[in-house]
Every structure is written in structure tokens, then in C-alpha cells.
Amino acid sequence: MPIADAARAVRSKPNGVGNIIIDSEQAHMLLEAEGNFISYVDVELKKTAPWSQSRPFDSVAILGVFSINPSELELARKQTHFHTYYDHKRKLKIGVSCQYEGAPISVGFSSKYYRA
């Protein structure tokens, strides 16, 4: 998605490098720019912190927060701290993870690293 379209959609302005950052009580969202397009989206779910990388989590429930039906995804890899899904319909790689000890659970979306 072009940065200008994303900025209008989320009603926020890009920073100096084109990224759009949105903070709310519930989440911290980064729309990362590459060139003139958003190439990666990362959403940290604040209320899940602090989480442990050695503690399993239910990625299906986390995907449900985003109204994503896991039955439409391929679970490619499942580690305790990181679950990787592929959405072949939308050509997206989706990662649900605890990125570091004490972090909130986050969900990342990228078409850049999608593989069929």
C-alpha cells in the first residue's frame, strides 16, 4: 500500500523516514516504509506484557483479535516464542511472537517475505 494511502486510512502522518507509528492504550502499531510503500506492519498488544519467550501462547486466539481465521492460513513453523503462518490468499507472511523476554505478544504482517 502506498504510504499516503496508509496515512489516510489510519489518520496519521508518516515520520521523517516514512514510517507511521500509532499508539493507543491497547496497542503500538508500526507501519514500516520501504520506498513509497508500506512493506511491513508490526502490532504489539500492550496488555499481553510482560510475556516470556519460554512460555507458550495461543496464536489462534491472538489472530482472532485481528479477525483472522486461522483455518485460512498455513501454519509453517511453531516455536515456543514464534509462530509463522502463510496467508496464500493475500500473499502474506504472518508472525505471532514474543520478541524478547518481558515483551508483549506482537503480530507482524509482510508481503516481502511471503513464499508460496
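Placed above this text is the structure.
Since we're looking at a predicted model, the values are computed, not measured.

Colleague: Mind showing me how you'd approach the packing of aromatic side chains here?
Modeller: Describing an aromatic ring pair means giving the distance of the ring centres and the angle of the ring planes. The final tally for this structure, using the stated rule, is 2 aromatic pairs. Ring geometry for Phe 66 and Phe 109: centres 5.8 Å apart, planes at 70°, overall edge-to-face. With a gap of 43 residues between them, Phe 66 in the loop between helix 2 (59-65) and strand 4 (74-78) and Phe 109 in strand 7 (residues 105-110) connect regions that are remote in the sequence. Its relative accessible area of 16% is what places Phe 109 among the buried residues. With centroids separated by 6.0 Å and ring planes inclined at 70°, the aromatic side chains of Tyr 86 and Tyr 114 adopt a geometry described as edge-to-face. Of this pair, Tyr 86 sits in strand 5 (residues 82-87) while Tyr 114 sits in the segment after strand 7, and the two are 28 residues apart along the sequence.

Colleague: I keep staring at the pairing of strand 4 and nothing clicks. Help me out?
Modeller: Relative to strand 5, strand 4 is paired through 4 bridges, and the arrangement is antiparallel. Along strand 5, the bridge assignment pairs Leu 75 with Tyr 85. Connecting strand 4 to the antiparallel partner strand 5 that follows it, the hairpin turn spans 3 residues.

Colleague: Hey, could you run me through the sheet that holds strand 4 in this one?
Modeller: Note on sheets: strands pair through backbone hydrogen bonds, and any given pair is parallel or antiparallel. Judged by pairing direction, the sheet is antiparallel, and its 7 strands sit side by side in the order 1-2-3-7-6-5-4 without closing on themselves. For this open sheet the edge positions go to strand 1 (20-23) and strand 4, each flanked by a neighbour on one side alone. Direction aside, neighbouring strands of the sheet carry axes that sit 15° apart on average. Bridging between strand 3 (residues 37-45) and strand 7 involves 6 bridges; their strand directions are antiparallel. By the bridge assignment, Glu 44 is partnered in strand 7 with Ser 106.

Colleague: So what exactly am I meant to see when it comes to the pairing of strand 6 (residues 92-98) here?
Modeller: The side chains of a regular strand alternate, first on one face of the sheet and then on the other. Across the 7 residues of strand 6, 5 count as buried, placing the element largely inside the fold. Pairing geometry for strand 5 and strand 6, over 6 bridges, is antiparallel. Each residue of the ladder has a partner; that of Tyr 86, found in strand 6, is Lys 93. The turn joining strand 5 and strand 6, which pair antiparallel and follow one another in sequence, is formed by 4 residues; a positive phi near 55° is taken by Lys 91. Looking at chain direction, strand 6 and strand 7 are connected through 6 bridges and run antiparallel. Bridged to Gly 95 within strand 7 is Gly 108. Count of turn residues in the strand 6/strand 7 antiparallel hairpin: 6 residues, of which Gly 102 carries a positive phi of about 90°.

Rules of the game
- Residues numbered from 1 in each chain as written.
- Predicted model: local features only at pLDDT ≥ 70, side-chain atom pairs only at ≥ 80, totals over all residues.
- Heavy atoms only, no water.
- Phe/Tyr/Trp six-rings, centres within 6.5 Å; stacked < 30°, edge-to-face > 60°.
- Helix = DSSP H or I, 4+ residues; strand = E, 2+ residues; numbered from the N terminus.
- Buried < 20%, exposed > 50% of the residue type's maximum accessible area, 1.4 Å probe, protein only.
- Pairing = 2+ DSSP bridges.
- Axes fitted to C-alpha atoms, helices over the stretch in contact; angles between N-to-C directions.

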